[in-house]
Each structure stands twice: as structure tokens, then as C-alpha cells.
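An overview of the molecular structure
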Amino acid sequence: MEGGGVDHLAEERQKSRFDVDEMKIVWAGSRHAFEVSDRVARLVASDPAFRKDNRNLLSRKELFKNTLRKAAYAWKRIMELRLTEEEAAKLRFFIDEPAYTDLHWGMFVPAIKGQGTEEQQQKWLPLAYKMQIIGCYAQTELGHGSNVQGLETTATFDPQTDEFIINSPTLTSSKWWPGGLGKVSTHAVAYARLIVNGQDHGVHGFIVQLRSLDDHMPLPGITVGDIGMKFGSGAYNTMDNGVLRFDHVRIPRNQMLMRVLQVTREGKVVQSDVPRQLIYGTMVYVRQTIVSDASSALSRAVCIATRYSAVRRQFGSQKGGPETQVIDYKTQQSRLFPLLASAYAFRFVGEWLKWLYTDVTQRLQANDFSTLPEAHACTAGLKSLTTSATADAIEECRKLCGGHGYLTSSGLPELFAVYIPACTYEGDNTVLLLQVARFLMKTVSQLGSGKQPVGSTAYMSRAEHLMQCRCSAQRVEDWLKPDVVLEAFEARALRMSVACAQNLSKFSNPEEGFAELSADLAEAAIAHCQLIVVSKFVEKLQQDIPGQGVKQQLQTLCFVYSLHLLHKHQGDFLSTGCITPKQASLANEQLRSLYSQVRPNAIALVDAFNYTDHYLGSVLGRYDGNVYPTLYEDAWKDPLNDSVVPDGYHEYLRPVLKQQLRNARL
Ligand SMILES: CCCCCCCC/C=C\CCCC(=O)SCCNC(=O)CCNC(=O)[C@H](O)C(C)(C)COP(=O)(O)OP(=O)(O)OC[C@H]1O[C@@H](n2cnc3c(N)ncnc32)[C@H](O)[C@@H]1OP(=O)(O)O
Ligand SMILES: Cc1cc2nc3c(=O)[nH]c(=O)nc-3n(C[C@H](O)[C@H](O)[C@H](O)COP(=O)(O)OP(=O)(O)OC[C@H]3O[C@@H](n4cnc5c(N)ncnc54)[C@H](O)[C@@H]3O)c2cc1C
């Protein structure tokens, strides 16, 4: 994407055997999406106001103020350029700095849209859209995050004044973690236990004003602040994750989000025909966006590691010729190429999940709630699977870059520090897998009852076949048959779920059984989610994909993704009898051969992500591969090199050296 000087990776780019420009469109999702993304990425990269190479040198206060400046400037540009919602979201994405705006647009607005009545939406959304109010999503407390029904904040209806009294009765009920809360938000959607006439109606969302719109001071009864530094020095510390306590704060009754449950003027609690799980709807939405974000973070790390692996040479010089590019080592390929394939796999499953979410939203609007459990299970499971894999992959990419990967200028340490909380926020990944497992156990228990499993569990309708089928792969080439691969993944997923269900049935108390078997259940959930990713990749290949060689590359990546999982989880496939040891070995042979096919295309496959050098933020991942001169020059820019003799020499070094000298003379 970058223009300019000598391209050290030009030879690599010439090796590729497919149309990179067409692959860019596949990656972006459509020609329109590509054009928007490309234009906005260049806009951000070319504007010095969005520079980010100095972040690690700033103190927390400077860092935070810098983020406020960037967010304000971004908003100004969005207004001046009259950017669409899609373009504005891309702009925030390419600025690449966690900020309060993520939570305002990503959770506060969706919470009002999803849980507010028409009237409430009409009142609050225009204010939020114009940023006349800034909001956050205040659910988690000091004492409870995963267990949402364990939240302690109360919202007690006062029929005398037609208000709710929001209160934090204990230390552990303090809101803790919400992004944007600490220093910025004027409002929150705060989750609290609804108490009417002394009766507890469970957790609901309430719009609460926190700060004055005149001078930004907290309103009476509100104690609010930042929770302190997080992992890494720059990284997620641009975000003001906050603490919040309510001391009997009064809000009008109509600030309870009432799409699911209404409280009337008389204090009557009326349940609408919308299921109460819709209170969790914002989490379903955000989990879906997190899956797409996983492919972005993963592709970014892979782009850096792949380009650098082609630049870096170690050993193997023949007759004084160049040494071997580390990307040519089979071990490097077997660690790197599955990650490259995973980036594409997560992109496509993210696209599908977006479709699923749009579909369920349309159904909800028409009062059809039938696909909500499926949407919950898929978003929870895929969020868990893709974020865990991406966090591990970023660290693997750092190691793939050897020592230089540990330098901040490689871009990988910051990417890792920013990314890893994705395994925790929006639902701890293990807790989410257990939600999927519950869904699977319910589905398995209904097999044979006449109720056909649909959607992501449709494969279970072929339970009779999948429980006893034998894999037909007899030759290496058989592992390039989508049906053979899919059936192995389906059989493994079903057999693991059925084994769990059988073990569960031995317990007289199902909840005790679930707790006892939870590690096995989480593994069954992973197997199911991996099957979804594989099957969505295979489905993608059934589409018409233009461009010379593009489909062929995607086919190769699809098999790399599937067969590396099969190799990694051989234990599951073998112990469930889905494949034989001989077939496992054939699959591994095929995988090795696929790596050789990826090799000449590797650089072009990461070019297809179309990342600017600004967005990548990595000396090792530069488009032109000009790594060494840049690393060398950058080192001299470190503040420690401002003076040749360091500050502190006279106080702390000279006396030590002199002492040693004196001792030596004695
Ligand atoms: C482009 C915009 C991008 C913006 C993104 C920016 C990213 C910014 C970065 C960070 C943001 C981070 C924000 C947060 O972290 S917000 C806080 C998130 N918190 C959680 O995720 C908490 C996790 N816990 C839960 O989700 C649940 O409480 C639970 C674990 C699922 C609850 O378990 P429990 O067993 O107690 O179940 P319940 O009794 O509450 O409910 C049981 C039934 O409800 C069904 N269910 C559960 N969750 C959902 C859901 N989300 N949707 C639909 N249905 C749901 C469950 O399956 C049960 O159903 P059943 O039919 O079996 O009764
Ligand atoms: C960077 C960041 C941003 C955040 N932003 C927000 C925000 O904007 N708004 C907001 O409301 N919250 C936010 N959160 C909070 C976040 O949603 C919670 O931290 C998350 O849901 C995990 O909950 P927890 O902290 O209670 O973990 P815990 O539930 O205490 O998890 C601790 C351990 O216990 C295990 N565990 C817990 N329950 C079970 C179980 N039933 N079975 C088996 N194992 C279990 C977990 O797997 C984990 O290993 C944010 C958190 C972070 C880190």
C-alpha cells in the first residue's frame, strides 16, 4: 500500500500467484467496503495529528490528554468531512487508540437502541449521536462481573416522587471497570437490581446522569474516578476505566430502559412479551463485533511476522551467498502459516456472525425470539474462541520475530497489551464456553424428541450417522476433500458433546454434574466452535470469488486452518474414534505440503490486508521491508540517547566505578 523508496520485498511480491487487488476486496468484504477502508486509512495515516509513535514515552496524564485531543479532533473531522456512520467507525478504527468513544458508540448507544422503548430512543439517541452527552456501559462491579445476576447496586422505585433511587449499598457494589467512566462520561447505562414494593425484579438498565453538562463536576451523590494503571505502559491506559458509587441518587422513572419490563406510575411491574434475556442484548452485539476485531488484530500481528520472516536471514549460506530467509524454515512455516490461515478464517466467520446478528435483530423487531439462544451461543462461543486464539497468536508472532520482536518498535508488545483483555471483557472466555456447553447439552437432550436441531447445531440431526461413521481418508489427497474434513470435525464435536451428556446423566443433581464436568464441557464447546469456523470457511469457498488464483489461495488456507486444528487436537479426534492414527499422519503430511504452497504467496497474502505503515505501527512489518536502517535510526531517537553520558552517572555510576578502582588498588 505504501509508495516511495526501494522495495526490499519486491522479489517476494513477484513470486505470488494470485491477484492481490481482488484478494483485498475479499478481505474487506466488498468493493465498497474496500474503498471506504482504503480511503479512510490513508486519511488517518497522512494526518500528523494522528501520529502514535510517541505513545510509549508519555506519562499516564499526558497519554490520556493526548487521547482526548485525538478523539476531539477525530469528531471535528467527522463533522467537517460529513463522514457516514461507516466511515466514522473506520476512522476510529484506524486511529488505533482505545478511547471513551469506543464505549459511547459501541455500548451506550446500542444499549439504548436495544433496551429502550421508542419514546426513550427518541429522547436519548439524538443527544448521543451529536455527542451532546457521552455515555458508558456500567454493569460490572468490584464484587461481580461474570455473575450479572449477582450485581448489588439497587434501583428502588419511590412512588411518592415517581423516581428511582440508585444506591451502592456495599463496597463490592461499586461499579468497577466501565470504559469511559473514570474521567469522561456524562451519562451511564447503569445496571441495578430493580426493587418495587420491596420486591426484587432482577437486574435492569437505567440511564443515569453522572456529571454536570456545565462544568463536568460529578452530580450530588455520585463518586467517580479512574481505577488506575493497567497492563503495559501505554496500551489500554489511554482508556479511563472507572469506579462509580451512588449514594441514593434520584432519577425520573422514565430513565429505566423499559423495552423488556415496565414500571408504571402506580408502581405496577409489567412484563412485555420480549424475553428478559434481551437485557443481555448489548453483550450479544458487542461479542459479534469482537470476533471481527479478532481477525483485525491477528492479521496485523501476522502481517508483521510474515514480512519480517522474509527479511530476516539466519544460517545456511552456500559459497558466500545469502543466508536462508527464516520464512523458509519448515518450523517457522508451521508456526506462522496456521496463524495466517486463522486470520482469514476469523474474517469469514466474523462476516457470517454479522449476518446472523442482523437476522436475529430483524426477527426481534418482528417479535420472533426463536433464534436468540442460537445467537447467544454463537456470539459467546466465537468471541471466546477467536480472542483466545488471537491473544496466543500475537505472542507467537513476537517469538517468530526473535529478539527484535520484543522491541516496542516492532509494534507487537503494545498490540499484545491492548489485545489480551479481550479474553476477559465482554465475558470471561471460560464462562462463555460454559454458556455454549449448556446450549449444546440442551440440544443433545432434545435429539430424538422430534425437535430438529437447526442453525449451527444442524449437524446433530445426523447424529445416528456421525456417532458411528468412519473417516474415509486413505490417501494424502483425501484430506483436500471438504466433505471428508467437515465430517471429521462434525463427528468429533458431536461425540464430545454426547460423551458429556452421557456423563452428566450419571449425576442425580444436574447442576452438580455440570460443575464437576465443566472442563470436559468447555472442551466440547471448543470443538463445536471450531467446527463452525471450519464450516463457514468451506461455505465461503462455495461463493463466486473472482480474481485470478484468489479462490485457489483461499482453498489452501482453508485446509491449512482445518488440518492444523486436526493436528493440534489429534487427541480428541483419535480418542473419539473419528480418525485413525494412520489418517492423522496422512493429514499431517498434507499440511506440510500445503505450507510449501503458501510460501511463495505469503507476502502477497498479508499485503491483501491493505494495512498502512501507520496502522501497523511496526518497524519489522514495514511494507518496503527496509527494517535494519530504520531500527538503527530509531534506536538513536530514544530519550536515553539524548545524552551520551546518562543522567545519574555522577550520583550512581561514578562512585561505584571509583570504589571498584580503589578496591583494586588496595
Ligand atoms: C463497533 C463497536 C465496537 C465496540 C466494542 C468496543 C470494545 C470495547 C472494549 C471493552 C468493552 C468491554 C465491555 C464489557 O466488558 S461489559 C460487561 C460484560 N460482562 C459480561 O459479559 C458478563 C458475562 N456474564 C454473562 O454474560 C451472563 O451473566 C451469564 C454468564 C451468561 C449468566 O449466566 P447465568 O447462568 O447466571 O444465566 P442467567 O440466569 O443470567 O440467564 C440464563 C438464560 O439466559 C440466557 N442468556 C445468557 N446470556 C444471554 C445473552 N447475552 N443473550 C441471550 N440469552 C442469554 C442463557 O442461555 C439462559 O438461557 P436458558 O434458555 O438456558 O434459560
Ligand atoms: C479492559 C477491560 C474493560 C472492561 N470494560 C467494561 C465495561 O466497559 N463495562 C463493564 O461493565 N465491564 C467492563 N469490564 C469488566 C469485564 O466485563 C469483566 O471483568 C468480565 O466480564 C469478567 O468478569 P470478572 O472480572 O468478574 O471475572 P471472574 O468471573 O471473577 O473471573 C475470574 C476467574 O474465575 C473463573 N470463573 C468465574 N465464574 C466461573 C464459573 N461459573 N465457572 C467456571 N469458572 C468461572 C473465570 O474463568 C476466571 O478464570 C472490563 C474489563 C476489562 C479487563
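Definitions and cut-offs
Residues numbered from 1 in each chain as written. Chains lettered and ligands numbered in written order. Predicted model: local features only at pLDDT ≥ 70, side-chain atom pairs only at ≥ 80, totals over all residues. Core = buried A, V, L, I, M, F, W, Y, C linked by C-beta atoms within 7 Å. Buried ≥ 20, exposed ≤ 12 C-beta atoms within 10 Å, placed from the backbone. Helix = DSSP H or I, 4+ residues; strand = E, 2+ residues; numbered from the N terminus. Domains from an automatic or database assignment. Contact = placed C-beta atoms within 7 Å. Near = placed C-beta within 6 Å. Nonpolar A, V, L, I, M, F, W, Y, C, P; charged D, E, K, R; others polar. UniProt positions renumbered as here; feature names shortened; annotations may be inferred.

1. What about the nonpolar core?
- Counting 182 residues, the largest nonpolar core has Ala 301 and Cys 397 as its most contacted members.
- Counting residues per element, this core draws most heavily on helix α8 (residues 281–311), which supplies 17 residues.
- Residue assignment places this core across two domains, with domain 1 (1–16 + 279–639) and domain 2 (133–272) each supplying three or more.
- The residues touching Cys 397, leaving out its near neighbours within four places in the chain, are Ala 301, Val 302, Ile 304, Ala 305, Leu 339 and Leu 412.

2. Regarding the site of ligand 1
- Lining the immediate surroundings of ligand 1 are 26 residues, of which Gly 106, Val 148, Gln 277, Tyr 280 and Gly 427 lie closest.
- Sort the elements by how many residues they give to the shell around ligand 1 and α8 lands first, with four residues.
- Broken down by class, the residue content of the shell around ligand 1 amounts to 11 nonpolar, 12 polar and three charged.
- Lining the shell around ligand 1 are residues from two domains, each supplying at least three of them: domain 1 (1–16 + 279–639) and domain 2 (133–272).

3. Let's talk about the UniProt feature "binding site: FAD" (unreviewed entry) in the protein
- Look at the UniProt record and you will see "binding site: FAD" (unreviewed entry) annotated at Thr 140 and Gly 179. A maximum C-alpha distance of 10.6 Å places the annotated residues, which cover 40 residues in sequence, within one compact spot.
- With respect to the helices and strands, Thr 140 occurs in the loop between β1 (135–138) and β2 (154–158).
- For Thr 140, the residues in contact, after removing those within four places along its chain, are Gly 145, Lys 175, Trp 176, Trp 177 and Pro 178.
- Not counting the four nearest positions on each side in its chain, Gly 179 is found in contact with Tyr 100, Asp 102, Leu 103, Cys 136, Met 239 and Asn 241.

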